[in-house]
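Read off the chains here:
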Amino acid sequence: MDAQYRKYAESRLGGNFSEMSSWKFVYPYLKDKRVLDIGCSDGLYLRHLSKDSVGIEQVSVLAKAGSKNGLEIINDDVFHALGDIDNSAFDGVLFSHVMEHVDCPIGMLREIYRTLKPNGVLVLGLPIERNIYRDLLRMDYFNGTHIYAFSIRNAEKLLQETGFMVEKIFYHLPKCRSRIGGIIEKYWNEIRWPFREYLSMAYWIIAIKLTDDVNK
């Protein structure tokens, strides 16, 4: 296991890296659906999803921890595990902060498209690599494991190229776990502020599979 992933695994199992405060905005799109959670860690988000949902996690210690808690987790390389999943098997896919780590992002999106039912929903979470927090405060997502960085415009293009329709974008602000922080984050997403991408730390894209053309 790469040393950076080992460090993350130890920190996560130590109680760090809890759900992002902006998770509340995207959870309704996955609630009560059969979801495939790609890169599910020890079940950080999977534990909130329906009982027939499935996770994929390549870091063995994390997959084992989630499985011990009764979650269905496939311990394998994410791309290899996706290849074993039937067409149109899931109502939703959660792909949170994983695409920046994989060798072939567009290939992953095509496989995700294949595994989704028509009108299935993809919740894609990505960091904003260039933002005010990195430039001024040294708060940096990049930890040596990211291969790619995606602007919102670029991520939307990749989704369109692989057969998805972008329905909604939510922005994530750090340190918004308090009641006041929650209010700030709510209005941050409701009002079209200037420079919103640069002033945010991450984002979620809600995308819909419109057809069942697996060759898209």
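Our subject is the structure that appears above.
Note that the structure is predicted; figures quoted are calculated from it, not measured.

Trainee: Pulling in residues and values, what's your account of the pairing of strand β5 (residues 116-127)?
Mentor: Across the 12 residues of β5, nine count as buried, placing the element largely inside the fold. Relative to β5, strand β4 (residues 90-96) is paired through six bridges, and the arrangement is parallel. If you follow F90 over to β5, its bridge partner there is L116. Taking the sense of rotation as the criterion, the β-α-β connection linking β4, helix α5 (residues 105-115) and β5 turns out right-handed. As paired strands, β5 and strand β7 (residues 202-209) are joined by seven bridges and run antiparallel to one another. Along β7, the bridge assignment pairs L126 with Y203.

Trainee: I'd like a description of the packing of aromatic side chains, backed by residues and values.
Mentor: In total, this model carries nine aromatic pairs according to the counting rule given. Consider the rings of Y148 and F150, whose centres lie 6.0 Å apart with planes at 40°: the pair is tilted. For F150, a relative accessible area of 7% gives the class buried. Three or more aromatic residues joined by ring pairs make a cluster, and in this case those are W23, Y27, Y45 and W204. One Lys or Arg, K24, reaches over the ring of F25 and ends 4.7 Å from the middle of that ring.

Rules used throughout
Counting starts from 1 at the beginning of each chain's written sequence and moves along it residue by residue. The predicted nature of this model means local features are confined to residues of pLDDT at least 70 and side-chain atom pairs, given and counted, to a pLDDT of 80 or more, with totals for whole chains, interfaces and linings taken over all residues. With hydrogens and water excluded, all non-hydrogen atoms of the structure serve as input to the side-chain values. Using a 1.4 Å probe on the protein chains alone, a residue whose accessible area is under 20% of its type maximum counts as buried, one over 50% counts as exposed, and one in between counts as partly exposed. Secondary structure elements follow DSSP: runs of H or I no shorter than four residues count as helices, runs of E no shorter than two count as strands, and numbering proceeds from the N terminus. Paired strands, as defined in this entry, are two strands with at least two bridges between them according to DSSP. Clockwise travel from the first strand over the helix to the second, with the strands pointing away from the viewer, marks a crossover as right-handed. Any Phe, Tyr or Trp ring, taking Trp's six-membered ring, that has another such ring centre within 6.5 Å forms a pair; planes under 30 degrees apart are called stacked, those over 60 apart edge-to-face, and the others tilted. To sit over a ring, a charge needs its Lys NZ or Arg CZ within 6 Å of the ring centre and within 35 degrees of the ring normal.

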